[in-house]
Amino acid sequence: MTLALDAPRLVQTQPLMVLSGVSKRYGPVVALDDVSAEVYPGEVLGIVGESGSGKSTFLRMMNLEELPDAGTYTLDLPDTPGNLFELDRFARRMLCATRIGIVYQNPHQGLLMRNSSSGNVAERLLIAGERRFAVLREKAGDALAASEFPLDRMDAPPIELSGGMQQRVQLAKAIALEPAVLLLDEPTTGLDVSVQALVLDTLKRLQRDRRITMVIVSHDLGVIRTMADRVMVMRRGQVVEQGLSDQIFQDPQHAYTQQLVHAKL
Amino acid sequence: MSLTGLTRPWKDFSYGFLDASAKRELRRKMLKAVAVPGCQMPYASREVPIARGWGTGGLQVTCTLLNPGHTVKVIDQGADDSVNAASIRRFLTRVSGARSTWDTLEASLIQSRHRVPEEILREDQILILQVPNPEPLRPVEPNMSVARQMHADADYGRMWLQLYEQIVRSGRVMFGAAYPSLVHGRYVMTPSPIPRWDVPKLNMARHLTILSAGREKRLYAVPPYTRVEPLVFDDVPYKVEEHGHLTCYRSGLKGFFMNEIPQEDGGALHEVSDSHLGIKAIRQGDGEDVATGDTWYTNGEMGQ
């Protein structure tokens, strides 16, 4: 009897998101060296690695904020044909706004700090062409409620909110248009442990209720362990190991992964 | 044979203060601006004998368009007799030989600061608006290179967000003057600081409007019969200033944009902002034969 390593669901479905052969150099520094990844609909892919391993760069490529030197990127959605890296700036922007949601580690990167929280969420809807004030208000409220943000503070600017609340606003903004994929870049780093647990709870619940496809980048193995179905371990711009999360955490194969798991435990 | 016998008698070979190459550049930029309605065209703003910020942009456009056959009107906040308007008008007539007028109906070129005349402009008239800040995106995007890219992408989400924020915070749209407007369904422009009252006048207007910012070195245009739609949410209608019920204390005119004149007792009198319209009404009252054109607003309501 051989042990099936992949869940049957993953074997049968087409991947939603395929990146292959992605490479990027910054001068002499190789940030990504021929990295490939597949993300299946409804799953959570965790990317771990030390600082400078290229995991955040990889996530920025997924969000089309940055273009690689080589590689292809496809999303299995009806109206997004071909290699997304070859789209023009305008098409890239529209795709990012409507299909991809992102939560950054630093809320300053993802939010307009002086606008209201509901306004931050409404901006996404405005880009998508919503022009009715009442609808904007309602949908922004819904998204904020879904990310468990207290609605009596929905018009407070993020700069007045706590770190955990700011992350919730980012999350609401990311899910406002019901994106095909949600990217999380160290979403709970910088939050204290109890708030971190609450935010992870919200993410878990969203994932369970809406079957959102997520890619979560973190150096915190605890976060990856609670969230991810599948894990990719990166080091020096390369993927050193990938597999189901239980497999990676219980039986790490690569020396670096072993070190990482042991350091945690 | 003397030298004077060989030369032609001296006469002006140019008029309108600016040299021929400056005028050519401005003409080309104006044509471009008309071809792409609402899009800001950069130009090399020349020195003119008034200070930057006092209407140099408008003055350069007027000097370029002006010829001795024109009749020019200069408005400052609706008035023809303010110092700034009077000196610009005198300068223009002196350098071009054009006639000047206070009457909107007679004028062929109208240079204006902050107002569009109340009488409907015709196809043969050109309105030139002085603009202090031509970039509607400046409040939301301080980086002008990025702002230009946003214009190119028609990326106006942040403009709309501004409206949203104002309604959330204050219950209504707070833009008083320079209400951002979408021209020809493509570019958002700031229609110079004209009041909200005047923005609908630019929509599908018969006349050509050229807006020029001398300090910022940008000009843009609204060609005749072009849509100019103020940015509004579908369920929050556009509102002009509530001046429709006010009466001018001097001329008795009603239903036009008014200047408020505070009184010592704490109250206020109102006087029609388009000063020559008021003057004409007073003259008509005195029995003079003065023609008043059709106005955009009748009894405070915008006509079709």
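Shown above is the structure to which this text applies.
In this text, all values refer to a predicted model and were calculated from it rather than measured experimentally.

Visitor: Before we go on, may I ask you to explain the side chain of Lys24(A) in this structure?
Guide: All names here are of chain A. With respect to the secondary-structure elements, lysine 24 resides in strand 1 (residues 17-26). Here lysine 24 is buried and forms no salt bridge, its nearest opposite-charge partner aspartate 69 lying at an N-O distance of 4.0 Å. In this structure lysine 24 touches Val29, Val30, Ala31, Leu32, Met61, Glu66, Leu67, Pro68 and Asp69, once residues within four positions along its chain are discounted.

Visitor: I keep staring at the nonpolar core and nothing clicks. Help me out?
Guide: Proteins that are soluble and globular tend to have nonpolar side chains buried together. Core analysis: the largest hydrophobic core is formed by 86 residues, its most contacted members being Leu92(B), Leu163(B), Met189(B) and Phe233(B). Among the elements that line this core, the one with the most residues is helix 6 (residues 157-170) of chain B, at six residues. Leu16(A), Leu32(A), Val217(A) and Met234(A) belong to the second-largest nonpolar core, a separate cluster that totals 32 residues.

Visitor: It is not clear to me how the sheet that holds strand 9 (residues 218-222) of chain B should be interpreted in this structure. Could you clarify?
Guide: Sheet strands pair by backbone hydrogen bonding; their relative direction is either parallel or antiparallel. Residue and element names in this part refer to chain B. On the basis of which strands lie adjacent, the open sheet formed by seven strands has the order 1-9-8-5-4-2-3 and mixed pairing. Of all the strands in the sheet, just strand 1 (41-42) and strand 3 (99-100) have a single pairing partner and so form its edges. As judged from the four bridges shared by strand 4 (residues 109-113) and strand 5 (residues 126-130), these two strands associate in the parallel manner. Across the sheet, residue serine 112 finds its bridge partner in strand 5, namely leucine 129. The strands touched by helix 2 (residues 20-35) are strand 1, strand 8 (208-213) and strand 9; relative to strand 9, the strand with the most contacts, the crossing angle is about 45°.

Visitor: So what exactly am I meant to see when it comes to unusual backbone geometry here?
Guide: What you tend to see is this: most non-glycine residues have negative phi, and most peptide bonds are trans. Despite not being glycine, Arg236(A) shows a phi value in the positive range, around 50°. Along the chain, Arg236(A) turns up in the loop between strand 8 (230-235) and strand 9 (238-244). For Arg236(A), a relative accessible area of 60% gives the class exposed. Phi is positive for Lys217(B), close to 60°, though the residue is something other than glycine. For Lys217(B), the position within the fold is in the loop between strand 8 and strand 9.

Visitor: Is there a simple way to think about the pattern of salt bridges in this case?
Guide: Once the charged atoms of two side chains with opposite charge are near each other, the side chains can pair. If you walk through the whole model with that rule in mind, you get 31 salt bridges over all chains. A salt bridge links Arg60(A) to Glu66(A); the nearest nitrogen and oxygen atoms lie 2.7 Å apart. One salt-bridge network, in which partners are shared between bridges, spans Arg89(A), Arg93(A), Asp153(B) and Asp155(B).

Conventions used here
- What you see as residue numbers is a count from 1 along each chain, following the sequence as written.
- Whichever chain is written first becomes A and whichever ligand is written first becomes 1, with later ones labelled in order.
- Residue-level local features of this predicted model are given only where pLDDT is at least 70; pairs of side-chain atoms are given and counted only at 80 or more, and the full residue set underlies all totals for whole chains, interfaces and linings.
- Excluding hydrogens and water, the side-chain values take into account all heavy atoms of the structure.
- Numbering goes from the N terminus for both helices and strands, where a helix is a DSSP run of H or I of at least four residues and a strand is a run of E of at least two.
- A simple rule labels every residue: compare its accessible area, found with a 1.4 Å probe on the protein chains alone, to the largest value its type can have, and call it buried under 20%, exposed over 50%, or partly exposed in between.
- Counted charges follow a simple rule, with Lys and Arg positive, Asp and Glu negative, and His plus the chain ends left uncounted.
- Whenever Lys or Arg places a side-chain nitrogen within 4 Å of a carboxyl oxygen from Asp or Glu, that contact is recorded as a salt bridge.
- Residues are treated as being in contact if the distance between any of their heavy atoms lies within 4.5 Å.
- Here, the term nonpolar core denotes a set of buried Ala, Val, Leu, Ile, Met, Phe, Trp, Tyr and Cys residues that are joined through side-chain atoms within 4.5 Å.
- A pair of strands is treated as paired once DSSP finds two or more bridges between them.
- Only the stretch in contact is used when a helix axis is fitted, and all axes are lines through C-alpha atoms; the angle between N-to-C directions ranges over 0 to 180 degrees.

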